[in-house]
Amino acid sequence: MTGADPLRLLADYRRGDFFLATGARTLHATGTHAALCDADEAALADRVRTELRHDPAVALAVGALPFASGAATPGRILLPTTARTAGPAHPAAAALPRKAIPAPVAIRPAPEPATHVDAVAAAVAALDARGLRKVVLARALDIEFDTPVCEAALLHNLVKDNARGYTFAAELPGGATLVGSSPELLLSRHGTTVVSHPHAGSAPRSADPVTDEENARRLLASRKDHAEHAVLTEAIVAALRPYCRHLAVPEKPDLVATPTMWHLGTTITGELADRDVTALHLAAALHPTPAICGTPTASARELVTELEEFERGYYAGTVGWVDAEGDGEWAVSIRCAEVAARSLRLFAGGGIVPESDPKAELEETSAKFATLLRAMGLPQE
Ligand SMILES: C=C(O[C@H]1C=CC=C(C(=O)O)[C@@H]1O)C(=O)O
């Protein structure tokens, strides 16, 4: 960790850079020493490890993996020319003035909310027939501006608003930028310590303290949300077990608070058996988890492709860094937007289990859009 000022790193962010602020550190990387793209994520992790080991001038690699790798959406990892790290941006970031973001000229849901409700109902009906325990369905909001979108201003407001979690900006193949603030840690590796903090089970926050507490209490008591969460932790444990000597898994999830949502989260800790397995290898092995895809993975992914009318791209992927030691941190890329020249696409999804109510699932996605809408100075959908 350097003694750099975390707010300086935030102020220095420009389109094309990589930025990640967490509760523990701030990272800003610029320039491209090398760019590695590969649709095979395990092969990409091998290539990144080789590059980092053979080039002592480069301290770490940064980048994003998509929801589903393919020719148009490969995993993209950069070896930057500069990488600066600092301590956490908070609490100082909370006192920063908000940056103005121009009002949009159009906001369009994709698909229409009623179509999402129908898709959720179709998913509930398909679960049993297809042997699925859970599938995650998402929808998008397309927002258009008549001036160029300023990623730096959006990132600034997201960092200001979100003291915890993982607030990021990452350039994507094709030049768009993924900007967001995710509560969810897919995987971190420090030495032989591996941590995952999967999230599933949601309720909205409320400005009214009584309603807010009631929402949290209901979530903690909800059998449907605990079932949704159990599918997720089981999958993470199964995916980590081959790589870890020991795994510590709490019996019950914790209540996690973000400024806009309550979640159920479980901190899973393991001891890595083989230090050659980097944080990026582990992230690639875990992804896509049932927090953003479903169980079993292949059939869930098929149902997502059938029922969603848009491409997820790098939403519901992972964003993070890995260094030459193999240490690193990868967040699940949710509560984010893909930012193009004069438009933004916001994404939000939710886990569907047999007990899911389609109307409530629509409302949950609306509540999840609030992270980005708030940062843009827009009212909740
Ligand atoms: C898929 C998303 O959230 C995931 C993370 C936390 C809770 C979730 C849920 O309760 O459904 C989702 O699994 C999203 O925000 O787009």
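For the structure given in this document, a descriptive report is provided here. (Residues numbered from 1 in each chain as written. Predicted model: local features only at pLDDT ≥ 70, side-chain atom pairs only at ≥ 80, totals over all residues.)

1. Details of the overall build of the chain
Next, step 1: Of the regular secondary structure elements, the chain holds nine helices and 22 strands.
Next, step 2: Here the C-alpha radius of gyration of the chain, 19 Å, is about what a compact globule of 381 residues would show, namely 21 Å.
Next, step 3: The principal-axis extent of the C-alpha atoms belonging to the chain is close to 55 × 50 × 40 Å.
Next, step 4: Looking at the chain alone, contacts between residues at least 24 apart form 77% of all its contacts between residues at least 6 apart. (Helix = DSSP H or I, 4+ residues; strand = E, 2+ residues; numbered from the N terminus. Rg over C-alpha atoms; globule rule 2.2 N^0.38 Å. Contact = placed C-beta atoms within 7 Å.)

2. Structural notes on the sheet that holds strand β15 (residues 254-257)
Sheet strands line up and pair through hydrogen bonds in the backbone, either parallel or antiparallel.
Next, step 1: If you trace the three strands from one edge of the open sheet to the other, you get β13-β16-β15, paired in antiparallel fashion. Each having just a single partner strand, β13 (199-204) and β15 make up the two edges of the open sheet. Geometrically, the sheet is characterised by an average inter-axis angle of 30 degrees between neighbouring strands, direction not taken into account.
Next, step 2: Note that β13 and strand β16 (residues 261-265) share four bridges and pair antiparallel. By the bridge assignment, His-199 is partnered in β16 with Gly-265.
Next, step 3: Across the sheet, helix α6 (residues 223-240) touches β13 and β16, and the angle it forms with β13 is around 155 degrees. (Pairing = 2+ DSSP bridges. Axes fitted to C-alpha atoms, helices over the stretch in contact; angles between N-to-C directions.)

3. Looking at the site of the ligand
Next, step 1: Around the ligand, the surrounding shell holds 18 residues, and the nearest of these are His-199, Ser-202, Ile-334, Gly-349 and Gly-351.
Next, step 2: Among the secondary structure elements, those contributing two or more residues to the shell around the ligand are β8 (134-144), β13 and β22 (343-352).
Next, step 3: The greatest single-element share of the shell around the ligand, amounting to five residues, is contributed by β22.
Next, step 4: Of the residues assigned to the shell around the ligand, the class counts are eight nonpolar, seven polar and three charged. (Near = placed C-beta within 6 Å. Nonpolar A, V, L, I, M, F, W, Y, C, P; charged D, E, K, R; others polar.)

4. Notes on the nonpolar core
Next, step 1: Counting 106 residues, the largest nonpolar core has Ala-61, Val-135, Leu-137, Ala-283 and Leu-346 as the members making the most contacts within it.
Next, step 2: Per element, the largest residue contribution to this core is seven residues, and it comes from β8.
Next, step 3: If near-sequence neighbours (up to four positions away) are discounted, Ala-61 is found in contact with Val-48, Leu-52, Ile-77, Leu-78, Leu-79, Trp-321 and Val-322. (Core = buried A, V, L, I, M, F, W, Y, C linked by C-beta atoms within 7 Å. Buried ≥ 20, exposed ≤ 12 C-beta atoms within 10 Å, placed from the backbone.)

5. Observations concerning the environment of Ala-21
Next, step 1: The topology assignment puts Ala-21 in strand β1 (residues 18-21).
Next, step 2: In this structure the C-alpha to C-alpha distance between Ala-21 and Glu-355, which are 334 residues apart in sequence, comes to 36 Å.
Next, step 3: Ignoring sequence-local partners within four residues, the contact set of Ala-21 consists of Thr-26, Ala-89, Val-159 and Thr-167.

6. Observations regarding the sheet that holds strand β17 (residues 268-272)
Next, step 1: Taken in spatial order, the nine strands make up an open sheet running β3-β5-β4-β19-β20-β11-β12-β17-β14, and their pairing is antiparallel. Two strands in the sheet have a free side with no partner beyond their single neighbour: β3 (34-38) and β14 (244-248). Strand-to-strand twist in this sheet, taken as the mean axis angle between neighbours without regard to direction, amounts to 15 degrees.
Next, step 2: Strand direction decides the pairing type here: strand β19 (residues 318-323) and strand β20 (residues 328-332), joined by five bridges, are antiparallel. Of the residues in β20, the one forming a bridge with Thr-318 is Val-332.
Next, step 3: Strands in contact with α6 are β12 (193-197), β14 and β17; relative to β17, the strand with the most contacts, it is inclined by about 5 degrees.
Next, step 4: In this fold helix α7 (residues 279-286) packs onto β4 (60-65), β11 (185-190), β12, β19 and β20, with an angle of close to 155 degrees to the strand it touches most, β11.

7. Some remarks on unusual backbone geometry
Next, step 1: Cis rather than trans, the peptide bond between Ala-110 and Pro-111 has omega equal to 0 degrees.
Next, step 2: Going from His-287 to Pro-288, the amide bond is cis rather than trans, its omega being 0 degrees.
Next, step 3: Among the structural elements, Pro-288 can be located in the loop between α7 and β18 (294-295).
Next, step 4: Despite not being glycine, Arg-335 has its phi angle at roughly 50 degrees, a positive value.

8. Quick look at α6
Next, step 1: Along its 18 residues, α6 runs 26 Å from first to last C-alpha, staying within 8% of the 26 Å computed at 1.5 Å per residue.
Next, step 2: Of all the residues in α6, the buried ones are Asp-225, Glu-228, His-229, Leu-232, Thr-233, Ala-235, Ile-236 and Leu-240. Down the axis of α6, the buried set is contained in an arc of 160 degrees. They therefore lie on one face. Residues of α6 that are exposed and point more than 90 degrees away from the buried face comprise Arg-223 and Ala-238. (Expected span 1.5 Å × (residues − 1). Arc of directions from axis to C-beta.)

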